[in-house]
Amino acid sequence: MSTIITRPKAAPAEIIRDASMAKQKDMLARHYDRLCDAPQTGEKVCATFVPGNLNELIMCFDMVNNLPEVNAIQSGLRKQSGGYVMESEKLGHSEDVCTYVKSDIGMMAKGNIGPNGRKLPNPDVLLLSYTGCFTFMKWFELLRQQYQCETIMMHTPYLGDGKITPEMIQYMVKQLKQDVIPTLERVSGVKFDIDRLRENLRRSAKAEEDHIWVLQSAQNKPSPIDAYFGGIYYVGPIFGAFRGTDDAIDYYKFLRQEVEERIRLGKGPVTPDGDMPQERYRLVVEGPPNYTHFRQFWKMFYDEGAVVVASSYTKVGGTYDYGFRHDPDRPLESLAEYCLNVYTNRNLPMRVDMLVDYINRYEADGLLINSIKSCNSFSAGQLLIMREVEKRTGKPAAFIETDLVDPRYFSAANVKNRLESYFQMIEQKRSSSSFAA
Amino acid sequence: MLDKAKPTTAPIVERCQALFSDLTFEAQRAWKEAKPGRKVVGFLPYYAPRELVHAAGCLPIGILGGGDQLEVIHGDAYYQSYICRIPRSTVELGVSGRLDFVDGMLFPSICDVIRNLSGMWKLMFPQKATRYVDLPQNFTMDIGVPFYAQELREVREFLEQIVGKPITDDEIRNSITLFNENRRLVREVYKLRAEMPWNLPSSEVYLLMRAGLLTPVEEHNAMLAEYMSLAQQMERPLKDNSRVVISGAFCEQPPLNLIKSIELAGCYIVDDDFLVVNRWEKSEVATSGDPLENLARAYISDSTSIAPKYEPNPKIKGKYLIDSVRENGAEGVIFAMPSFCDPALLDRPMLQSALKEANIPYIGFKYAENTGQMQPVREQAGTFADSIKLWSGQ
Ligand code: SF4
Ligand code: SF4
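Residues numbered from 1 in each chain as written. Chains lettered and ligands numbered in written order. Predicted model: local features only at pLDDT ≥ 70, side-chain atom pairs only at ≥ 80, totals over all residues. Heavy atoms only, no water.

When you go through chain A residue by residue, the secondary structure sums to 16 helices and 10 strands. Since a compact globule built from 437 residues should have a radius of gyration of about 22 Å, the 21 Å found for chain A is in line with a globular shape. Taken over the C-alpha atoms alone, chain A extends approximately 70 × 70 × 40 Å along its principal axes. A total of 437 residues make up chain A; the buried ones form 63% of that total. A sequence separation of at least 24 residues applies to 77% of the contacts in chain A between residues at least 6 apart. Treating the 54 positive side-chain charges of chain A as one cloud and the 56 negative ones as another, the clouds have centres 2 Å apart. (Helix = DSSP H or I, 4+ residues; strand = E, 2+ residues; numbered from the N terminus. Rg over C-alpha atoms; globule rule 2.2 N^0.38 Å. Buried < 20%, exposed > 50% of the residue type's maximum accessible area, 1.4 Å probe, protein only. Contact = heavy atoms within 4.5 Å. Lys, Arg positive; Asp, Glu negative; His and termini not counted. Charge placed at Lys NZ, Arg CZ, Asp CG, Glu CD.)

As structure tokens, then:
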């Protein structure tokens, strides 16, 4: 005989310690409500992707932006994505492809209920900002079939030669002028006003200054932030529906003040279990995180005193390290440059350079790669990246494998083992170099 | 012993088989050594502007992975288990020195794996000329054409660097003419196969097409013409097979045995998307005027529909496959796709729903270039062939 124990369904554990997090939570809640109210308010909905999202432009048409990747992340954090992914596979989607897509499609099939428990509206337009990821193209072709709405292709050329050329910008500006803007005008019924765009871009640039300041504060010792697990919260507004808004300016100003205070007090990052007591390892992380076991995953780091001082994932919705800011004086060109600069649109040598630079600049102990089964854009080539970075920095690197939102690919024991041996490796490296010194 | 009086394609097929099986590229090395200054440029699936490579005086060769004969020793150390096989066998070809005679490599924007491989190649073989070829995904004429014409200008400069001399417009026009002829002949072979698949088995046609990516176009044109003339005269037995179209095999190639197994299971393959580069433009590329502009125009408005390309018009999504079924008198579609292949696998549900609407039966399975076990393929294809016959009331 077996006893079935039913547990009351617990609300997912909240990871809120900072006031800035509470503020962001409130912003997000308002955004999701606005989105779900759209059928009543008559606001038009524009679905688009995080990398290469043109929020400032979308705002010019009074449209509300819906980001399916963010919905998938939310489903992951709420432990719903596993069911959605399976639902999608039941509908005929291959087990081999990106689980973001499958989480989104599964969620649609199950009524498209958003993180606020309300039905998400159908998009009025799909803005296919094709930046840094092949899957995006097919994802929106699939959604187009479902929603039967207009779809705009905005193709961002890849930095295959490691540089942005004037022709790339021209190509993109032409797409904006000829395809993107006229279609958004038509769908929204709002005339495009370039001065409105300039205003939005001005606000973006302001928020971007504080945002990058916060990420770069990890150069302090101890680092006042965790630039991966915490970083995911810090990039939320700027990667999502808030770039170009006053809300984003306020959020980043507020966040910056919080971090300044932490530096003044010599504090490490905030973790779900409170302040991290001691910084023992400083890591650079390449690749997206796992969201289905986010808290458990993070704990494996902070329990050991490991803090992530820089990460590539927090550059996937825009890279601000090397001086790029949205520029109101070159509005369309600057939107193009923003798209071209996103991390996954950079070729492998550029990615290696960036990671090496992070290790040096942030005085990290090494590189950890979290390789995501779903994501060929990030993952293909990571083993070579690891070797190159190791070779060029002399710092140890390690490789773990998980998935974004498919719980089947998160093996806690494996990840923990790998991390433990990696930390030992760092210790050994330290003692051998101090011995040599 | 062969009966000399009877026409046979066997010697051509044998030659093609030898080119296909040679993983050290002896014939291409010999071509290069035959004249000082000759250069070879490799390209990955699914498309490359071969006309420019030819116009530069180089031999364009298709690098299509290692098939089922290459032992991958180093390549696996570069890739996680959930990435398809072609990049690892391509890396194997590179690190084992098999591609040491190749002077330049072109990596088209087919998917993120090959895109990233272009950067890996730069890091791994810094002494080799490597270029990512960014293909337009915006198919509005006056947006996509200038973008691709510019990309072609850059590829031209890249090739000029390799050969150390300028490539003239006339040289490109001349190459376009030759490749127009090649595409015309390839299409003719395909047409002939659909007409008499018993005389042009797909396992042969496949080898013939692979040879086209390994030999100078002039030779291949002659080979295609000769093959057709011989194949038409052959008297192979007509079987009671079902007629199918293969879809999804445009990058990592299925093992030859898989093609044979599908045929053995009772299917005539009457169309496919293997090696689409050889019939990429659907009609002749213009030869007067700016040649790069002409190539770009053809790419935007007259190229094959396929998963790695965006389909701007939702109303015709999947139509090309239905057309292929109808035009070639096929009775069903076999989706044969490489494991972990994003373009093919993400596209498949949309193609399937188009087929469903058109009442066209289909099945699907995955493969890797080194799949050895053919029993499941034979069983699935056999059952499919039988069920098609039942369906159509034969
Ligand atoms: S996880 Fe990777 S493959 Fe999936 S949508 Fe994001 S970037 Fe693309
Ligand atoms: S088989 Fe598919 S995923 Fe693999 S390299 Fe080719 S197109 Fe890309």
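Now that the structure has been shown, we can carry on.
What follows deals with the environment of V85 of chain A. All names here are of chain A. Relative to the elements of secondary structure, V85 occurs in helix α4 (residues 81-90). Residue class for V85 comes out buried when judged on its relative accessible area of 0%. Setting aside its immediate chain neighbours within four residues, V85 contacts T99, K102, S103, V405, D406 and R408.

Another aspect to go through is the site of ligand 2. Residue and element names in this part refer to chain B. Inspection of the region around ligand 2 gives 13 residues, with C84, C111, I114, C251 and C341 positioned closest. Counting only elements with at least two residues in the shell around ligand 2, the list comes to α5 (112-124) and α13 (342-357). For the shell around ligand 2, the class distribution of residues is 11 nonpolar, no polar and two charged. (Near = heavy atom within 4 Å. Nonpolar A, V, L, I, M, F, W, Y, C, P; charged D, E, K, R; others polar.)

All names here are of chain B. What the rule picks out here adds up to 65 salt bridges over all chains. For R236, the salt bridge is made with E204, and the minimal N-O distance between the two is 2.4 Å. Of this pair, R236 sits in the loop between α9 (217-233) and β5 (242-247) while E204 sits in helix α8 (residues 202-212), and the two are 32 residues apart along the sequence. Owing to a relative accessible area of 24%, R236 belongs among the partly exposed residues under this scheme. (Salt bridge = Lys/Arg side-chain N within 4 Å of Asp/Glu carboxyl O.)

Attention now goes to the site of ligand 1. Residues and elements named next belong to chain A. Every residue close to ligand 1 is listed here: C98, Y100, C133, T135, F136, W139, S374, C375 and L404. Looking at the shell around ligand 1 element by element, the count peaks at three residues for helix α6 (residues 135-147). When its residues are assigned to classes, the shell around ligand 1 shows seven nonpolar, two polar and no charged.

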